[in-house]
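# Report on the structure
As a plain string of letters, each chain reads:
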Amino acid sequence: MSRSRAFLGLLTALGTAATAVAVTAAPASATACDPALIAPAGSLVGDLWRSNGGERSVYGCPTTKEYGYAGKRGSYQAFRNGKIVWSPNLGGGTLVRAYYAGGKAVFRWSGLGRDWDFFNVRWSINGGKATQVKVGRLTPWSGVYSVNPSCQDGVCMTSNGHGGVLRAAFIVQGCDRGTFSSDCGPWSIATSVKAPY
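What you are looking at is a predicted structure, and each value in this text was computed from that prediction instead of being measured.

Cut-offs applied
Residues numbered from 1 in each chain as written. Predicted model: local features only at pLDDT ≥ 70, side-chain atom pairs only at ≥ 80, totals over all residues. Heavy atoms only, no water. Salt bridge = Lys/Arg side-chain N within 4 Å of Asp/Glu carboxyl O. Helix = DSSP H or I, 4+ residues; strand = E, 2+ residues; numbered from the N terminus. Buried < 20%, exposed > 50% of the residue type's maximum accessible area, 1.4 Å probe, protein only. Polar contact = N/O pair within 3.5 Å; in protein donor to acceptor, adjacent residues only side chain to side chain. Contact = heavy atoms within 4.5 Å. Phe/Tyr/Trp six-rings, centres within 6.5 Å; stacked < 30°, edge-to-face > 60°.

Take the pattern of salt bridges next. A complete count under the given rule lists 3 salt bridges for this structure. With a closest N to O distance of 3.0 Å, Arg50 and Asp47 form a salt bridge. With Arg50 and Asp47 both in helix H2 (residues 44-51) and 3 residues apart, the pair spans about one turn of that helix. We classify Asp47 as partly exposed; its relative accessible area is 32%. Close ionic contact of Arg137 with Asp115 constitutes a salt bridge, the shortest N to O distance being 2.9 Å. In this pair, Arg137 sits in the loop between strand E7 (131-135) and strand E8 (143-147) while Asp115 sits in the loop between strand E5 (104-110) and strand E6 (118-125), placing the two residues 22 residues apart along the sequence.

Our focus in this paragraph is the side chain of Ser87. With respect to the helices, strands and loops of the structure, Ser87 is situated in the loop between strand E3 (82-86) and strand E4 (95-101). On the basis of relative accessibility, which here comes to 0%, the residue Ser87 falls in the buried class. Here Ile189 takes part through its backbone nitrogen, which lies 2.9 Å from a polar atom of the side chain of Ser87. Setting aside chain neighbours within four positions, we find Ser87 in contact with Thr94, Ser188 and Ile189.

With respect to the helices and strands, the residue Trp116 is situated in the loop between E5 and E6. With relative accessibility at 6%, the residue Trp116 sits in the buried group. Among residues more than four places away in sequence, those in contact with Trp116 are Arg137, Pro140, Gly174, Cys175, Asp176, Asp183, Cys184 and Gly185.

Along the polypeptide, Gln173 turns up in strand E11 (residues 165-177). One polar contact links the side chain of Gln173 to the main-chain carbonyl oxygen of Gly185, over a distance of 2.7 Å. Setting aside residues no more than four positions away along its own chain, Gln173 makes contact with Phe118, Phe119, Asn120, Cys184, Gly185, Pro186 and Trp187.

A word on unusual backbone geometry. Its identity as a non-glycine residue notwithstanding, Asn126 has a phi of 50°, on the positive side. Take Asn126: it is sitting in the loop between E6 and E7. For Asn126, a relative accessible area of 48% translates into the label partly exposed.

Attention shifts here to the packing of aromatic side chains. In total, this model carries 8 aromatic pairs according to the counting rule given. Geometrically, the ring pair formed by Phe107 and Phe170 is stacked, given 4.9 Å between the ring centres and 10° between the ring planes. With a gap of 63 residues between them, Phe107 in strand E5 and Phe170 in strand E11 connect regions that are remote in the sequence. Relative accessible area serves as the criterion here: at 0%, Phe107 is assigned to the buried category. Judged by its relative accessible area of 1%, Phe170 falls in the buried class. Relative to Phe119, the ring of Trp109 has its centre 5.3 Å away and its plane inclined at 70°; by these criteria the two rings are edge-to-face. Placement of Trp109 in strand E5 and of Phe119 in strand E6 is noted, with a sequence separation of 10 residues between them. For the pair shown, Trp109 and Phe119 are each scored as buried. Members of the aromatic cluster, each reached through a chain of ring pairs, are Trp49, Tyr59, Phe79 and Tyr99.

Laid out in structure tokens, this is it:
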């Protein structure tokens, strides 16, 4: 009986030691973002990123700092899974963003400076011919559009198992319905996302 207790004690000690080794060998969080790249509080881009979950958001960690545009108002920041752009030409709080999720390039916009009836979205792949679509609004100031970037006009590309990346770019404008035509505002600053296929 003392042998079985000794054996049980040895197994317990080995199990405890193995757990201790596993815990101490665990690496530090691999998902922590570089603090030097995180936009400060008060930045519209940074505040949107934080309000969506920061590093756990659909955007992931930032890969660049927030940069302004030369010669025009606005700024942008690239993230592991997308890009957020401040486009003040549509209203002081306008943010357009693109990210890759669920096999689609997703384009969202919000904070437009006025109430619109619908939106026009133009998108292109790798700088090619732009496609324009009419999109209903989520609210009078926001909307969303998604597309599988590897498929156009019913034809889908394949990488033949080698993998590839496409760049989907988007712009948006708000429009009001008129009696004979639509009255539309300016186009946003472009945003884009890289999408694997």
